[in-house]
Amino acid sequence: MRVRSPNPARAQQLLATRKRAAVVPIETRIAILRHQRVILDTALAEIYGVPVKRLNQQVNRNRERFPSDFMFQLKPREFAALRLQFATSKKGRGGRRSLPYAFTEHGAIMAATVLNSKEAVEMSVFVVRAFVRLRAMLGANKAFADRIEELEKHLATHDCNIQEIINVIKRLMNPPANRRSKIGFALPPARTG
């Protein structure tokens, strides 16, 4: 039986891919648009190591692989809102001349398959893991929010009970002044003289 030695070029390529995944914070590139978690074509192209033009070209050539639940093109209003957040340049000043595409988790995987490069396929694993981590974080945040709401309900009832206890203690510490006169005979003060 022959044992193959690892290909050094292939090992370097895998290392470069992993370094790029570590450098590019994928979770921060995932946005929520139209009630879906998506990643824009510019971020996806950067992660996959291809120009945005090439990514969009391959997507347009394989349009049947990208139904509306895998990818959609932003509307001008959505893009304007994102432009304000991402500080991209204006049209005619070196910026985009077309509206960007937004890829869902499945669309990002499909984009890796249409690019037909090993780097894109390898990076798609990191993209999927980022979507899974984001989904887990949102699920944990939902459970955490539910627990906080439950504690707030308990706190509201406890606040009322504690306030009643404080009021009773205040009444006991400061009894009302007794206005009744004493019963009986009081001797006049003794005269010394």
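Bear in mind that the values here come from a model prediction, so they are computed numbers and not experimental data. (Residues numbered from 1 in each chain as written. Predicted model: local features only at pLDDT ≥ 70, side-chain atom pairs only at ≥ 80, totals over all residues. Heavy atoms only, no water.)

Draft legend 1. Summary view of the overall build of the chain. Regarding its fold elements, the chain presents seven helices and four strands. Ordered by position from the N terminus, the helices and strands of the chain form the series α-α-β-β-α-α-β-α-β-α-α. Looking at the 193 residues of the chain, the share that counts as buried comes to 26%. For the chain, the share of sequence-separated contacts (at least 6 apart) that also reach a separation of at least 24 residues comes to 76%. Surface summary for the chain: the accessible area is close to 14,800 Å², and the carbon and sulfur share equals 58%. (Helix = DSSP H or I, 4+ residues; strand = E, 2+ residues; numbered from the N terminus. Buried < 20%, exposed > 50% of the residue type's maximum accessible area, 1.4 Å probe, protein only. Contact = heavy atoms within 4.5 Å. Areas by Shrake-Rupley, 256 points an atom, 1.4 Å probe, with all protein chains shown as cover.)

Draft legend 2. Region of the structure containing a nonpolar patch on the surface. Taken together, Ile165, Ile169 and Met173 make up a surface patch of nonpolar side chains, about 320 Å² in accessible area. Position of methionine 173 relative to the elements: it lies in helix H7 (residues 118-173). We classify methionine 173 as exposed; its relative accessible area is 62%. (Patch = residues over 30% accessible without salt bridge, like charges linked within 9 Å, V, L, I, M, F, W, Y side chains within 5 Å. Salt bridge = Lys/Arg side-chain N within 4 Å of Asp/Glu carboxyl O.)

Draft legend 3. Representation of the pattern of salt bridges in the model. Scanning all chains against the criterion turns up three salt bridges. Note that arginine 29 is salt-bridged to glutamate 46, the shortest N-O span being 2.9 Å. Linking arginine 29 in helix H2 (residues 26-29) with glutamate 46 in helix H3 (residues 41-48), this pair joins segments that are 17 residues apart in sequence. The partner of glutamate 150 in a salt bridge is arginine 147, with the nearest N and O atoms 3.1 Å apart. Here arginine 147 and glutamate 150 lie together in helix H7, a separation of three residues that amounts to about one turn. By relative accessible area, arginine 147 is classed as partly exposed at 44%.

Draft legend 4. Molecular detail of helix H4 (residues 52-61). Within H4 the residues assigned to the buried category are Leu55, Asn56, Gln58 and Val59. Viewed along the axis of H4, the buried residues span an arc of 160°, placing them on a single side of the element. H4 presents Lys53 and Arg61 as exposed residues on the side facing more than 90 degrees away from its buried surface. Contacts made by the buried residues of H4 are with H3, strand S3 (71-73), strand S4 (101-103) and helix H6 (105-115). (Arc of directions from axis to C-beta.)

Draft legend 5. Representation of the side chain of glutamate 105 in the model. Mapped onto the secondary structure, glutamate 105 falls in helix H6. Judged by relative accessible area, which is 13%, glutamate 105 ranks as buried. Glutamate 105 has contacts with Arg37, Val128, Phe131, Val132 and Arg135, leaving out every residue within four places of it along the chain.

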